[in-house]
Amino acid sequence: MHTPIVFIPGFIGHLSFPELTDGMPDGLAFRPDLLGYGVKRDAPVAGITIEDQSAHLRSEIHKFCEDRPVVLFAHSGGAAIAMHYAASHPERVAALVSAEGHLASSDGYLSSKLAVMPLAALSHWVTQIREDPASLLGGQRSRLKSNQLARVISWLDHQPASTILAAARALLFYTARPGYGDEVASVMARLPTYLISGQSTLAGMDVSARFARFARATFTVEGAGHAMVLESPEIVGAQLRDILSLVEKVDNGQTRARVQP
């Protein structure tokens, strides 16, 4: 039986790109909307905390596959939610995939910038990104494809500015607390963890020796940055299929060795 995979996006946008799941069996992937996003966009801002998102995720996963262990795929700030969920329910997690997840407070450059803004200023920032979507990806419009620019807009449309602000503040608060690094190390030591990084941002993420030594495998998305799930979802999807194969080999007892492709 294949292991279900649950996608946890960063604090802006979604992971509803079909390339991420191309070639996977039908019904394997689950993309629940977090509180404040998508169909849950009207959730109270007070409930947009890492702890509440983790509890919400637990409920949504149970509806999807009851108590079967799942693979958590977390992009960017979604990793903080994944870490809390995995720490709280390790028996429910078969493996963790961190796509440039926030493993340290220093990883949250954008969230820490937005977290201190008044709502009006953040709303203005969203408007500016909408007018120049390439700026969210750190590049010039000319180097990006039209579908990539359209996907940035779809990210902006997925939640109100109030959700972005609340989620950025929650992420900053949660990852900056003294015990977060210990939580990350504990989860990675207990559960198979795989790391995916964009080539152009690899050096800027805090995958320190303390965390990197726990990784079962590491992957790099060439030509992409922090938003590799948007820029090159087909490459991330292929890497994810490789990871799922590794996870199922471990589950079947075929190999438990650390793999470094």
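All values derive from a computational prediction rather than experimental measurement.

A. Molecular detail of the sheet that holds strand β4 (residues 93-99). Taken in spatial order, the six strands line up as β2-β1-β3-β4-β5-β6 in an open sheet, and their pairing is parallel. Edge positions in the sheet fall to β2 (29-30) and β6 (215-221), since each of these pairs with one other strand and no more. Inspection of the sheet shows strand β3 (residues 70-75) paired to β4 by six bridges, in the parallel sense. Counterpart to Ala74 in the pairing with β4 is Ser98. Against the sheet, helix α2 (residues 78-88) engages β1 (5-8), β3 and β4, with an angle of about 150 degrees to β3.

B. Broad picture of the pattern of salt bridges. What the rule picks out here adds up to seven salt bridges. Across the salt bridge formed by Glu60 and Lys63, the nearest N and O atoms sit 3.1 Å from each other. Linking Glu60 with Lys63, this pair stays in helix α1 (residues 50-65), spanning three residues, or about one helical turn. Residue Lys63 is classed as exposed on the basis of its relative accessible area, which comes to 61%. Salt bridges sharing partners connect three or more residues here, namely Arg58, Asp67, Glu91 and Arg92.

C. The arrangement of unusual backbone geometry in detail. Phi is positive for Ser76, close to 55 degrees, though the residue is something other than glycine. With respect to the element layout, Ser76 can be found in the loop between β3 and α2. Backbone geometry at Glu100 places phi at a positive 50 degrees, although glycine is not the residue there.

D. Looking closely at the environment of Ser88. Turning to its location among the elements, Ser88 is positioned in helix α2. On the accessibility criterion, Ser88 (38% relative accessible area) is partly exposed. Sequence separation of Ser88 and Gly36 is 52 residues, and the distance between their C-alpha atoms is 22 Å.

Reading guide: rules and limits
- Residues numbered from 1 in each chain as written.
- Predicted model: local features only at pLDDT ≥ 70, side-chain atom pairs only at ≥ 80, totals over all residues.
- Heavy atoms only, no water.
- Pairing = 2+ DSSP bridges.
- Helix = DSSP H or I, 4+ residues; strand = E, 2+ residues; numbered from the N terminus.
- Contact = heavy atoms within 4.5 Å.
- Axes fitted to C-alpha atoms, helices over the stretch in contact; angles between N-to-C directions.
- Salt bridge = Lys/Arg side-chain N within 4 Å of Asp/Glu carboxyl O.
- Buried < 20%, exposed > 50% of the residue type's maximum accessible area, 1.4 Å probe, protein only.

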